[in-house]
Each structure stands twice: as structure tokens, then as C-alpha cells.
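Summary of the model geometry
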Amino acid sequence: MLSLREPVPISHTQRCPASLLTIALKGTSSHKVRSAMSTMKAVRAHKRGGPEVLRYEDAPVPEVGANEVLVEVNAAAVTPGELAWDETWQSADGADRTPIIPSHEFSGVIAQVGGDVRSLTPGTQVYGLIDFNHDGAAAEYVSLPQEGVVPRPVRLSHVESAALPLAALTAWQALADRARVQPGERVFIQGGAGGVGSLAVQFAKALGAEVTATAIDDDVPLVKTLGAAGVVPSVSAARSRGEPLFDVLLNTFGGPVPVESYGLVRPGGRLVTLAQPLDQSMAERHGIQGIFFVVASDPGELRRITDLAEQGKLRPVIARTLPLADASIAYGPPPAPRRPG
Ligand SMILES: NC(=O)c1ccc[n+]([C@@H]2O[C@H](COP(=O)([O-])OP(=O)(O)OC[C@H]3O[C@@H](n4cnc5c(N)ncnc54)[C@H](OP(=O)(O)O)[C@@H]3O)[C@@H](O)[C@H]2O)c1
């Protein structure tokens, strides 16, 4: 997580769910001064590459279109893979976009609104998800269409709010929209301490499911606190417990779905993956529905996520917070080695 103005103590855990890294932005400017300033501090890349091409430098304050808002960024979250995606470097028509600004989830305060914006006003605290082929929020200011911002959960800090949009929308859409989890169903989350997984555990619980998740030993207390009734080190450990099969399995980690995962879902159940499409022939063999999807920005669902957070039903897990000037560190390897769950 990157934070400009609100560095907070980090992590509930030594482990580092990478997508919940926050960049803290530190500054002194007020949202009233925008019109007088033409430059801001930002993290930019002038050529395609990894963390080594990111520069902390002066950049123009973004223009605000008629349908856009300018947000003074308090915190921005990092999606570790984004520097490897074409969308980060190209506009929708495939044209080179460099120099680019990364980091596409943020929390901040509206500084200025375009002429066609009616329902949002300067001073409103908002958060949101920015299209990946648009400049991101690793900067003091970001502009984006008004549809992309929603009032943030003020029960949470800016750093916690910035950790939510992408991971929470992914977890919510996986469980509520795609798997259609019903109260009383048994849900298995593979990677319960990860960025998406830690929120998926909480959503599954909020949807009335009985949740089991994988996590390494160090993360077991955290994942139980988030709402998992059972925490196991691996799928095979879950199978060897001899419990009933699961109605829904959500695989939150990268790479192919482990073969054993298919056998953990009851016939007629749903297996959802995020990193890559699953093996449909294997899903058919087990008589289960295999679902792969890509998260979509959805202001209505983000408002629902705000409500859950305001009700205290959602707790983002922040791995660490860095000042904006050190943003390149957030795009490097995570500080702890990965271990299978
Ligand atoms: N389809 C979409 O729209 C969408 C949206 C968002 C994210 N994603 C993808 O979803 C994946 C997860 O994202 P994230 O931000 O949640 O990542 P993350 O924070 O790195 O979390 C990954 C989790 O998976 C666990 N894990 C990793 N390898 C494992 C293995 N072999 N066996 C068991 N558990 C394992 C990790 O456990 P440890 O912490 O113990 O290592 C961690 O808890 C990424 O591949 C991301 O690209 C897709």
C-alpha cells in the first residue's frame, strides 16, 4: 500500500498478501489548492519494464474532463502483476501510453469536479478502481470518470479503504455473482490469507456460508478471526479429514488449479478460479460447474462493500505501507517466500 498522507501501522500478520500492499502518500496540500498547482509528485515509468523503471518525480497534475473528478490521493494500493500487463502500457487502441503512472486502487478526497458532474462535490472522501489502461494513483492527484468513485467507508482509514476496491470486488463477484453462494452452504477458500482470499473468507461468512480455508500455520489465527470455521494447510489435508464435500471452492492463487481441488467439490457444486481458466473436461468429469471470470468495476457493488465495511463486517488485511517515493519496492518480490496452502 502506498500512502501519501496517512501512514499507518502495518500488518496484522508477518505474512504479506501482496495485493494489499499500500503506498502511503505524504503531503501537505489541501484539496482547495488544486487550481493553483500545475505539477505534483508521482511515480512514473518512461519505458516498459519492472520496478527498476519506476521514477519518483514531478509530473503534470492531470486534466479534469467534463465527466471527471480530480481526487487528491491519500493512499493507493498495488497490484503486483500490473507492470507485466499490456493494458498498463497501452491505451485502449493499442497506442503507447508512456510515461505511465501505476497503482489503480485508491482512497482520497475529491479536489475538483468537471462541469457535467452533479452528484459529487469537492471535499467528499471517496475510493475506487481505475481502468488499467488509464494513469493510476501512485501520485498526489488522479483524475477519473465520476462513475469510478464511490464514497469510501469512513470507519476505515484511507490506507484500509484503498486496499478494498479490486480485491473486494473480485471476492464479491466470485462468491455472490458467479458462485451464487447461499446461506448454509459449505465454501472452501484456497489461499485464505491472500489479498482476495482474506476478503473472500469474510464475504462467504457474511453470505451465511460455513467457511473452510487454506493457510500456513502463521496465518491460521488471522484466517479464523476473519470468519473461517476451519483452516487447513492444503487441499489434501481437507480431503483427509473425511468431511462432506464443498458446495463452492474458490481458488485464489496463481497457476493451474491443483487437480485435487476438483474432487473437493460436490457433484453439482461450483469451482471458481481467478488466475487462469480451469480444465473444463476435468470439471465435467466431476460433475461440477467450472467458472473463470475477470473482475469488472461496479459502483453499485462497491457501495455494497462500503456498507459491509461500515457495519464492521469487512476487515482489510494490510501487509505493509510504504511512502510514495519508495513505490518501486512494492512492485518487487514479496518479503516472505511463498508456501503452498
Ligand atoms: N480474475 C480476476 O479478475 C482477478 C482479480 C484479482 C486477482 N486475480 C488473481 O488472483 C490471484 C490472487 O490475487 P491476490 O491479490 O489475492 O494474491 P496474493 O495476495 O498473493 O494471495 C495469494 C494467496 O494464495 C496463496 N497461495 C499461493 N500459492 C499457493 C499454493 N500453491 N497453494 C496454496 N495457496 C497458495 C498465498 O498463500 P501464502 O500467503 O501462504 O503464500 C496467498 O494466501 C492472482 O493470480 C491475481 O492475478 C484475478
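Residues numbered from 1 in each chain as written. Predicted model: local features only at pLDDT ≥ 70, side-chain atom pairs only at ≥ 80, totals over all residues. Heavy atoms only, no water.

Focus: the overall build of the protein chain
The helix and strand inventory of the protein chain stands at 10 helices and 16 strands. For the protein chain, the residues scored as buried account for 55% of the 341 residues in total. Within the protein chain, contacts between residues separated by at least 24 positions form 68% of all contacts whose residues are at least 6 apart in sequence. Accessible area of the protein chain: about 13,900 Å², with a carbon and sulfur share of 51%. (Helix = DSSP H or I, 4+ residues; strand = E, 2+ residues; numbered from the N terminus. Buried < 20%, exposed > 50% of the residue type's maximum accessible area, 1.4 Å probe, protein only. Contact = heavy atoms within 4.5 Å. Areas by Shrake-Rupley, 256 points an atom, 1.4 Å probe, with all protein chains shown as cover.)

Things to note about the nonpolar core
One finds Leu175, Ile189, Phe203 and Ile305 to be the most contacted residues of the largest nonpolar core, which totals 49 residues. Elements with a minimum of two residues in this core: strand E7 (125–129), helix H3 (165–178), strand E10 (186–190), helix H4 (195–206), strand E11 (210–214), helix H5 (220–226), strand E13 (246–251) and helix H9 (299–310). No other element matches H3, which puts nine residues into this core. Each of two domains, domain 1 (2–162) and domain 2 (165–292), supplies a minimum of three residues to this core. Apart from residues no more than four positions distant in its own chain, Ile189 is found in contact with Leu175, Gly197, Ala200, Val201, Val211, Thr212, Ala213, Thr214, Leu250 and Thr252. (Core = buried A, V, L, I, M, F, W, Y, C linked by side-chain atoms within 4.5 Å. Domains from an automatic or database assignment.)

Overview of the environment of Pro151
Tracing the backbone through its elements, the reader meets Pro151 in strand E9 (residues 149–151). Considering only alpha carbons, one finds Pro151 and Val109, 42 residues apart in sequence, at a separation of 9.4 Å.

Some points on the side chain of His158
As for its placement among the helices and strands, His158 is situated in helix H2 (residues 158–162). At 2.7 Å, the side chain of His158 and the side chain of Ser107 are in polar contact. (Polar contact = N/O pair within 3.5 Å; in protein donor to acceptor, adjacent residues only side chain to side chain.)

A short note on the pattern of salt bridges
Going through the model one piece at a time under the given rule, you end up with 10 salt bridges. Salt-bridge contacts for Asp86 lead to Arg48; the nearest nitrogen and oxygen are separated by 2.9 Å. Residue Asp86 is found in helix H1 (residues 86–89), and its partner Arg48 is found in the loop between strand E3 (39–45) and strand E4 (54–60); the two are separated by 38 residues along the sequence. What makes Arg48 partly exposed here is its relative accessible area of 44%. Ionic pairing is found between Arg241 and Glu243, a salt bridge with its closest N-O pair at 2.7 Å. Via salt bridges that share partners, Glu185, Asp247, Arg266 and Arg270 belong to a single interconnected network. (Salt bridge = Lys/Arg side-chain N within 4 Å of Asp/Glu carboxyl O.)

A few points about unusual backbone geometry
Across the junction of Thr98 and Pro99, the peptide omega takes the value 0°, indicating a cis bond. By the element assignment, Pro99 lies in the loop between H1 and strand E6 (105–113). Look at Ser103: it is not a glycine, yet its phi comes out positive at around 80°. Tracing the sequence through the fold places Ser103 in the loop between H1 and E6. On the basis of relative accessibility, which here comes to 0%, the residue Ser103 falls in the buried class.

What about the sheet that holds E11?
Ordered in space as E12-E11-E10-E13-E14-E15, the six strands form an open sheet in which the pairing is parallel. Two strands close off the open sheet at either side, each with one partner strand: strand E12 (230–232) and strand E15 (289–292). Put simply, the sheet's adjacent strands are angled 15° from each other on average, direction ignored. Taken together, the three bridges between E11 and E12 define a ladder with parallel strand orientation. Within the sheet, the bridge partner assigned to Ala213 lies in E12 and is Val231. (Pairing = 2+ DSSP bridges. Axes fitted to C-alpha atoms, helices over the stretch in contact; angles between N-to-C directions.)

Re the pairing of strand E14 (residues 265–273)
Looking at chain direction, E13 and E14 are connected through five bridges and run parallel. In the sheet register, Leu250 faces E14, and the bridge partner there is Val272. Bridge count between E14 and E15: four bridges; the pairing is parallel. Bridged to Leu271 within E15 is Gly290. What joins E14 to E15 is helix H8 (residues 280–286), and the crossover it makes is right-handed. (Right-handed = clockwise from strand over helix to strand, strands pointing away.)

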